[in-house]
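Residue-level listing of the chains:
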Amino acid sequence: MGIAVLGAGPAGLTASYVLAKRGVAATVFEADGLVGGIAKTVEFNGYRFDLGGHRFFTKLGPVQRLWEQMLGDEFLTRPRLSRIYYNGKFFSYPITARDVVSRLGLIESARCALSYLLAARRRRSNAETFEEWVSSRFGKRLYDSFFRSYTEKVWGIPGTEIRSLWAAQRIKNFSLGKAVMSMLGLKREDVTTLIEEFRYPRLGPGQMWEAFAAHSERAGIEVRLNQRCVALRHSEGRVTSVELRQNGDTYEHAVDSVISSIPLSDLVLSLDPPAPPEIQAAAQRLRYRDLVLVALMSTESAPFPDNWIYLHDPETRAGRVQNFGAWSKDMVQPGMTCLGVEYFCFRGDDIWEMNDRQAVELATNELARIGLIDPTKVVDGVKVLVPRAYPMYDSNFEEAVATLRAYLADFQNLQTCGRNGLHRYNNQDHSMWTALLAALNVTEGAGHDVWSVNTEADYLEEGELIEALLEFSAADAAPAEQLV
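My aim in this report is to walk through the structure given alongside it, one point at a time. (Residues numbered from 1 in each chain as written. Predicted model: local features only at pLDDT ≥ 70, side-chain atom pairs only at ≥ 80, totals over all residues. Heavy atoms only, no water.)

Turning to the overall build of the protein chain, a few remarks are in order. Within the protein chain one finds 18 helices and 20 strands. Buried positions account for 58% of the 484 residues belonging to the protein chain. As displayed, the protein chain offers around 19700 Å² of accessible surface, 47% of which is attributable to carbon and sulfur atoms. (Helix = DSSP H or I, 4+ residues; strand = E, 2+ residues; numbered from the N terminus. Buried < 20%, exposed > 50% of the residue type's maximum accessible area, 1.4 Å probe, protein only. Areas by Shrake-Rupley, 256 points an atom, 1.4 Å probe, with all protein chains shown as cover.)

If you want it as structure tokens, here you go:
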């Protein structure tokens, strides 16, 4: 069947798009019943909602043009508003010193400023953990106020066990001292903010990936759902066949090559013959954080204006809440609201084991307690389990990934890409970019390093990529440009 693409999320479907453009025989296999992976859109009783919010923003030109080409007028431009709920108050996000001072008051702000100045004098350039990285840049007091609770809620481990790479990739930096001086009129504030608007499919992110899947199907690349890869057979450094399971039955297909976006640990542990014991041990050390999404339907048309709110309140188990009507009015019923309440957890935790009624009651009570909804107006709800939502950046992951990367490099016809395929917390555009490069490696024998995408320490969550990421040679860039 030519090339087997494992996974029909953003990475897998981008790879299939490239293969279709090249006229290469391929088939996409997806274990779920929907395409999109964690970026799929769930439909429930006339409502549509994300598994978390998935905005579309990029400075990768080919990716932007590809999105626009796929959806045309269905690709909306939406205003962005997000805040942080902490200590009974709402703070703008990204955190600005102006907001910190006005909300925390002068005394606490002065303590944060003093902590910041002390940290600046002691700053370590080689911070190894999340807590060290943030504390050395913002001060320990600000870390304790704004970062500790939410981060440990997300990952389920202390900040001292989370690697600094996570902070370097995802946290917006700012100068507390400069902003305080600007408030006193001593200096003009010049703090870069996050983007003020973003693009979004009218019917949710799943609409984008459904369009990608339809494009592949029209080009002759079949997208097969509910088929889970259980084995990759290999010989002399080449994958020779893949084995899929569907409804208890297994099917084996000979392949020329494999592009995989399934979890890196699953890929390695499914190899037949098995990988050496030390390689299997490295795969088993990779951990994932799971997610429970509780969708609440309410007769309140607009309980709050934000697209999403981060819940840094330690007394609230939920970590974030999405307001899908603020993403697109066509996601909800007229005059109604659909909220997505996110609980970060591990499989087996009590929230994971709750039934729908219990989870809806918990989410309703938590949002009501902090004043985000009127609980009497919640009329429906559902719980959705999202296993392996986030690759964990714990103390073991860097060494384990390096070991697996070196081992897989010996396979001549196997490429990994995407968030789970690289065990890296990429945004959609970077997952797509890795898939684009992986597909070019397979079809053209190119030598693109998919692992180098989104590794720069200065990469910011809102997509302000440093120029080095885009500095491919004209020859390297040309195939990507031709795609669109």
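Let us keep going from here.
Within the element layout of this structure, N413 appears in the loop between α15 (397-408) and β20 (414-416). By relative accessible area, N413 is classed as buried at 3%. At 2.8 Å, the side chain of N413 forms a polar contact with the backbone oxygen of D256. Those residues in contact with N413 that lie beyond four places of it in its chain are G237, R238, V239, D256, S257 and V258. (Polar contact = N/O pair within 3.5 Å; in protein donor to acceptor, adjacent residues only side chain to side chain. Contact = heavy atoms within 4.5 Å.)

Glancing now at helix α14 (residues 356-369). In this model, α14 (14 residues) spans 20 Å end to end at C-alpha, consistent with the 20 Å of a helix rising 1.5 Å per residue. Turning to α14, its buried residues are A359, V360, L362, A363, T364, E366 and L367. G371 sits one or two residues past α14 and shows a positive phi near 80°. (Expected span 1.5 Å × (residues − 1).)

What follows concerns the sheet that holds strand β14 (residues 271-272). Ordered in space as β12-β11-β10-β14, the four strands form an open sheet in which the pairing is mixed. The strands lining the two open edges of the sheet, one partner per strand, are β12 (249-254) and β14. Examined bridge by bridge, strand β10 (residues 228-235) and strand β11 (residues 238-246) share seven bridges and lie antiparallel to one another. Bridging from a neighbouring strand, L232 pairs with V242 of β11. (Pairing = 2+ DSSP bridges.)

Another point: the packing of aromatic side chains. For the coordinates displayed, the defined rule picks out 22 aromatic pairs. Centroid distance Y150 to Y310: 5.4 Å. Interplanar angle 90°. Geometry classified as edge-to-face. On the criterion of sequence distance, the pair formed by Y150 in helix α6 (residues 140-155) and Y310 in strand β16 (residues 308-311) is long-range, its members being 160 residues apart. Judged by relative accessible area, Y310 falls into the buried class, the value being 9%. Both rings, one in W155 and one in Y425, keep their centres 6.2 Å apart while their planes meet at 80°; by these two values the pair is edge-to-face. With W155 in helix α6 and Y425 in the loop between α16 (418-422) and α17 (428-444), the pair connects residues that are 270 residues apart, well separated along the chain. Each member of the pair W155 and Y425 is classed as buried. A network of ring pairs unites the aromatic residues Y17, F56, W67, F75, W209 and F212 as a single cluster. The ring of Y288 carries the charged tip of R388 above its face, separated from the ring centre by 4.9 Å. (Phe/Tyr/Trp six-rings, centres within 6.5 Å; stacked < 30°, edge-to-face > 60°. Lys NZ or Arg CZ within 6 Å of the ring centre and 35° of its normal.)

Attention now moves to the packing of helix α5 (residues 130-138) against α6. In the contact formed by α5 and α6, the axes pass within 8 Å of each other and the chain directions differ by 145°. Relative to α6, the crossing made by α5 is right-handed. Of the residues in α6, those in contact with F130, E131, V134, S135 and F138 of α5 are K140, L142, Y143, F147, R148 and T151. (Axes fitted to C-alpha atoms, helices over the stretch in contact; angles between N-to-C directions. Left-handed = near helix turned anticlockwise from the far one by under 90°.)

Glancing now at the nonpolar core. Counting residues in each nonpolar core, the largest one holds 120 residues, and the members touching the most others are F49, W155, M208, W209, F212, L232 and V258. Per-element accounting of this core gives the leading share, eight residues, to α17. With residues up to four places along the chain from it excluded, the contact list for L232 reads L6, V239, S241, V242, V258, L267, S270, L271, D272 and L414. Of all hydrophobic cores here, the second largest spans 26 residues; its members include I309, A318, L339 and W352. (Core = buried A, V, L, I, M, F, W, Y, C linked by side-chain atoms within 4.5 Å.)

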